[in-house]
Amino acid sequence: MSDEYIPKIAMTFQAHPDDQEFSVGGTLAKWAKAGCEIISVVITSGDSGSNDPSKDASYKPILAELREKEQLAANQVLGIKETIFLRYPDGELEPTIPLRKELTRLIRKYKPDTVLTGNPEGWFYGNEYLNHPDHRAAAQAACTAVFPSAGSRLIFADLLPAGYEPHDPKRLYVHGTDKADTWVDITETLDIKIKALQQHVSQVPVDEVGKWMTEWAEEEAKDKEMKYAESYKVMILKKDEEEKVG
Ligand SMILES: [Zn+2]
C-alpha cells in the first residue's frame, strides 16, 4: 500500500552517519517539508569508516568529528533540526540493555509519534551485501525501546524520578526488509535525498551516488503507482483517535 501518513514528531535511530540518508532520506525530506519535526539519533559516529593504509587508531576521533559534521550538513539538507550523537564505538555495537535504556530515555524525552529504524533481522541483501552487524544492533535496540520499554512505567524505573514519563510511539517504520508492506512516494524528494547523501564526502562517491539512489528508488517503486519510493514494514502500535471508529 502507498502511504501518505505525515507524523507530527518522528525520531530516527541509525547506527552510522549516512545510514539514514541511504535508507529513509526521501521519506524524512517529504515529512519535514510537510511540517514534521524530526529528531535524528546517530548511535556511533562512524569512527571506523576508513581503510586508508596511512591511518591508525589516532585517526578515529578525527574521523568521528568529520563524520558528525557531514551528518549535520545532511540533516540540514533534509530539513532536520535536531541531531543527537551517542558516540558508541563504530563496529562494536551490541543491542545491550544500557543502549536500550538510552534510546528509551530519548523516546520518553522527545515523545515521537513515529519511529524509524533498520531491520533487526537483516543479514543478507542480494548476493553482495552481508549486512553490517551495527545495523542490526541499532535496529534491535530501537525496536525494543519502542516496545515495551518506552511505554512501560516500571521498566527502567529510575527514569521516572528523572522526569521521563512513559510514552508510546504510534508507528514504527522498519526499512531494509523483504517483508515491506508500505511504500512512501519520494518522487518529489529524491533530489533532496541525493543531495543529503552527497554531504557524506568521506564515505560516498559524490558523482555516482545519485545514479545508484535513482536506480534503487525506481526498483522500490516497481509495480507501484509511483516513480520513486522507499519501502517499509510499518507496525501500527496505536491508532490515531480519528481512526478509531465507533
Ligand atoms: Zn552503516
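Bear in mind the structure is a predicted one, so any value in this text is a computation, not a measurement. (Residues numbered from 1 in each chain as written. Predicted model: local features only at pLDDT ≥ 70, side-chain atom pairs only at ≥ 80, totals over all residues. Heavy atoms only, no water.)

*Asks:* Looking at this structure, I do not really get empty space enclosed by the protein. What am I missing?
*Replies:* Any empty space left between atoms is shown by rolling a water-sized probe over those atoms. Inspection of the entire model under this criterion finds one cavity of 30 Å³ or more. In this structure, the largest cavity encloses a volume near 30 Å³. Taken together, Pro95, Thr96, Arg100, Gln140, Ala141 and Thr144 form the lining of the largest cavity. If you tally residues by element for the lining of the largest cavity, the top one is helix α4 (residues 133–149), at three residues. (1 Å grid on protein atoms, 1.4 Å probe; cavity = no way out; pocket = protein on both sides within 12 Å on 5 of 7 lines; lining within 4 Å. Points joined across faces, edges and corners; volume = space filled by probe spheres on them. Helix = DSSP H or I, 4+ residues; strand = E, 2+ residues; numbered from the N terminus.)

*Asks:* Sorry if this is basic, but what is going on with the nonpolar core here?
*Replies:* Generally speaking, soluble globular proteins have nonpolar side chains that are buried together. Residues Leu28, Trp31, Ile38, Leu116 and Tyr173 are the most contacted members of the largest nonpolar core, which totals 28 residues. Where this core is concerned, the elements lending two or more residues are α1 (19–33), α2 (60–78), α5 (190–197), α6 (209–220) and β9 (229–236). Those residues in contact with Leu116, other than ones at most four positions away along the chain, are Ala10, Met11, Thr12, Phe13, Gln14, Val24, Leu28, Trp31, Tyr173 and Tyr232. One finds Ile84, Leu86, Ala141 and Cys143 within the second-largest nonpolar core, a separate group that totals 26 residues. (Core = buried A, V, L, I, M, F, W, Y, C linked by side-chain atoms within 4.5 Å. Buried < 20%, exposed > 50% of the residue type's maximum accessible area, 1.4 Å probe, protein only. Contact = heavy atoms within 4.5 Å.)

*Asks:* Sorry, what's going on with α2 here?
*Replies:* Residues three or four positions apart in an α-helix share a direction because the helix packs 3.6 residues into each turn. Taking 1.5 Å of rise per residue, the 19 residues of α2 would be expected to cover 27 Å, and the 27 Å separating its terminal C-alpha atoms lies within 8% of that figure. Listed as buried for α2 are Leu63, Ala64, Arg67, Glu68, Glu70, Gln71, Ala74, Asn75 and Leu78. Along the axis of α2, the buried positions cluster into a sector of 165°, meaning they face one direction only. The exposed residues of α2 that point more than 90 degrees off its buried face are Pro61, Ile62, Lys69 and Gln76. Next to the buried residues of α2 lie α1, β2 (37–44), β3 (82–88) and α5. Residue Gly79 follows α2 closely and has a positive phi angle near 90°. (Expected span 1.5 Å × (residues − 1). Arc of directions from axis to C-beta.)

*Asks:* What exactly am I supposed to notice about the environment of Thr44 here?
*Replies:* Residue position: Thr44 is located in strand β2. Sequence separation of Thr44 and Lys55 is 11 residues, and the distance between their C-alpha atoms is 19 Å. Ignoring anything within four residues of it in the chain, the contact list for Thr44 reads Ala15, His16, Pro17, Tyr88, Pro89, Asp90, Leu93 and Asp134. At 3.2 Å, the side chain of Thr44 forms a polar contact with the backbone nitrogen of Gly46. (Polar contact = N/O pair within 3.5 Å; in protein donor to acceptor, adjacent residues only side chain to side chain.)

*Asks:* Would you take a moment to explain the coordination of the zinc ion for this structure?
*Replies:* Tetrahedral metal sites with four donors have an ideal angle of 109.5 degrees; octahedral sites with six donors have ideal angles of 90 or 180 degrees. Taken together, the protein donors to the zinc ion comprise His16 (ND1), Asp19 (OD) and His135 (NE2), at separations of 2.0 to 2.1 Å. Of note, the zinc ion draws all its donor residues from one chain, in the sequence arrangement H-x2-D-x115-H. The two residues His16 and Asp19 agree in class, both being buried. (Donors = N, O, S within 2.8 Å, 3.2 Å for Na, K, Ca; no water.)

*Asks:* Explain the pairing of β3 to me, please; I cannot follow it from the model alone.
*Replies:* Within a regular beta strand, the side chains point alternately toward one face of the sheet and then the other, so they alternate between its two faces. Among the seven residues in β3, five count as buried, and that is most of the element. Bridging between β2 and β3 involves five bridges; their strand directions are parallel. Residue Ile39 lies in a different strand from β3, and its bridge partner there is Glu82. In the classification by handedness, the crossover that spans β2, the intervening α2 and the parallel β3 is right-handed. (Pairing = 2+ DSSP bridges. Right-handed = clockwise from strand over helix to strand, strands pointing away.)

*Asks:* Would you explain the packing of aromatic side chains in this entry?
*Replies:* The geometry of an aromatic ring pair is captured by the separation of the ring centres together with the interplanar angle, meaning the angle of the planes. Counted under the stated rule, the structure contains five aromatic pairs. Ring geometry for Phe22 against Trp216: centres 5.9 Å apart, planes inclined by 40°, an arrangement best described as tilted. Taken together, the residues span a long stretch of sequence, with Phe22 in helix α1 and Trp216 in helix α6 at a distance of 194 residues. Geometrically, the ring pair formed by Tyr173 and Tyr232 is edge-to-face, given 5.2 Å between the ring centres and 75° between the ring planes. Placement of Tyr173 in strand β7 (residues 171–174) and of Tyr232 in strand β9 is noted, with a sequence separation of 59 residues between them. You'll find Tyr173 and Tyr232 in the same group, each marked buried. The rings of Trp31, Tyr173 and Tyr232 are connected pair by pair, giving a single aromatic cluster. The ring of Trp123 carries Arg136 above its face, with NZ or CZ at 3.4 Å from the centroid. When the ring centre of Trp183 is taken as reference, the NZ or CZ atom of Lys224 above it lies at 4.1 Å. (Phe/Tyr/Trp six-rings, centres within 6.5 Å; stacked < 30°, edge-to-face > 60°. Lys NZ or Arg CZ within 6 Å of the ring centre and 35° of its normal.)

Distances and angles like these do not, on their own, reveal function.
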